[in-house]
Amino acid sequence: MITIRKAEERGHANYGWLDTHHTFSFAQYYDPQQINFRSLRVINEDKVIGGKGFHTHGHQDMEILTYVLEGELEHQDSLGTGSVIRHGEIQRMSAGTGIKHSEFNHSATNPLHLLQIWIIPDQKNLEPSYEQKAIEFSPHTLQLIASPTGAGNAVKVHQDVNLYAGILPLDQSLTHSLDGGRYGWLQVARGQITVNGVHLRAGDGAAISEETSLAIQSLEDSEILLFDLG
């Protein structure tokens, strides 16, 4: 079963410096039918103008992943970590017992476009930690970028989630198998695709259950994230 979460049905707010869409309930946006999907709690699509960003604020007991689509995100946190995140990289921050951080558009003039993802951890009161890795995209494959073990070039998340990313040129097709009892969430970051014949466009998400194989076809140059969830 594939249930579409259409881009235009998401929560939306525009603060001038920030134009944001919420796949699930977040901040002032609340929909009791859209709280989370399995352990996937937040997918926010944020567009930030040059020189602006999120001032220092705190998080606790959450796995936070940042995926930049365009521009550069400057990160500072209470662990003493400072970095710039660009397209082709994945950042993971485990908030655990508590962490404070700020996130700003690294450029004074160029726009920043990113996805911020929150995953509910499998345990509370973890020691806060941070990780950032480059993504090695390969043609005709989905690249594992986050997993419970952090094996290979993936960052480690404290939950039974495997997150894959893929850049699909026009007319590219690929498949992904879901083991019995597992669930999927497919988020289209840009472009248009079909999954098992169901059409999705940029900003759309799809909740997937009772499917053992996913056939993905790009209808134009596209970029996707696929969550394989316990």
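Structural data are supplied above this passage.
Residues numbered from 1 in each chain as written. Predicted model: local features only at pLDDT ≥ 70, side-chain atom pairs only at ≥ 80, totals over all residues. Heavy atoms only, no water.

Draft legend 1. The arrangement of the pairing of strand β8 (residues 82–86) in detail. As defined by bridge partners, strand β7 (residues 72–77) adjoins β8 across five bridges and the pair is classed as antiparallel. Paired with Leu73 across the bridge in β8 is Ile85. Once β7 ends, the chain turns through four residues before running back antiparallel as β8, passing Gly80 with a positive phi of about 90°. (Pairing = 2+ DSSP bridges. Helix = DSSP H or I, 4+ residues; strand = E, 2+ residues; numbered from the N terminus.)

Draft legend 2. A look at the environment of Leu219. As for its placement among the helices and strands, Leu219 is situated in the loop between β21 (213–218) and β22 (222–229). The class for Leu219 is partly exposed, based on a relative accessible area of 40%. With 25 residues separating them in the primary sequence, Leu219 and Thr194 have C-alpha atoms 7.4 Å apart. Ignoring anything within four residues of it in the chain, the contact list for Leu219 reads Leu170, Gln192, Ile193, Thr194 and His199. (Buried < 20%, exposed > 50% of the residue type's maximum accessible area, 1.4 Å probe, protein only. Contact = heavy atoms within 4.5 Å.)

Draft legend 3. Layout of the side chain of Asp46. As for its placement among the helices and strands, Asp46 is situated in strand β4 (residues 40–48). Buried and without a salt bridge, Asp46 has Arg10 as its closest oppositely charged side chain, separated by 8.7 Å. Apart from the residues within four sequence positions on either side, Asp46 is in contact with Leu18, Asp19, Thr20, Phe54, Leu112, His113 and Leu114. (Lys, Arg positive; Asp, Glu negative; His and termini not counted. Salt bridge = Lys/Arg side-chain N within 4 Å of Asp/Glu carboxyl O.)

Draft legend 4. Representation of the packing of aromatic side chains in the model. In total, this model carries five aromatic pairs according to the counting rule given. Aromatic pair Trp17 and Phe54: ring centres 5.4 Å apart, planes at 75°, arrangement edge-to-face. Of this pair, Trp17 sits in the loop between β2 (11–14) and β3 (18–22) while Phe54 sits in strand β5 (residues 53–59), and the two are 37 residues apart along the sequence. An aromatic cluster is built from Phe24, Phe37, Tyr183 and Trp185, whose rings are joined through pairwise contacts. (Phe/Tyr/Trp six-rings, centres within 6.5 Å; stacked < 30°, edge-to-face > 60°.)

Draft legend 5. Local environment of the sheet that holds β4. What the seven strands build is an open sheet, ordered β2-β3-β4-β11-β6-β9-β12; its pairing is antiparallel. The strands lining the two open edges of the sheet, one partner per strand, are β2 and β12 (129–134). Each strand of the sheet is rotated relative to its neighbour by a mean of 15°, with strand direction disregarded. Relative to β3, β2 runs antiparallel, the two sharing four bridges. Bridged to Gly11 within β3 is His22. (Axes fitted to C-alpha atoms, helices over the stretch in contact; angles between N-to-C directions.)

Draft legend 6. Seen up close, the sheet that holds β21. Ordered in space as β16-β21-β18-β19, the four strands form an open sheet in which the pairing is antiparallel. In this open sheet, the two edge strands, each paired with only one partner strand, are β16 (173–177) and β19 (198–201). On average, each strand axis in the sheet is tilted by 25° relative to the strand beside it, whichever way the strands run. Note: strand β18 (residues 192–195) against β19, four bridges, orientation antiparallel. Within β19, the residue paired with Val195 across the bridge is Val198.

Purely geometric stuff here, so don't read any function into it on its own.
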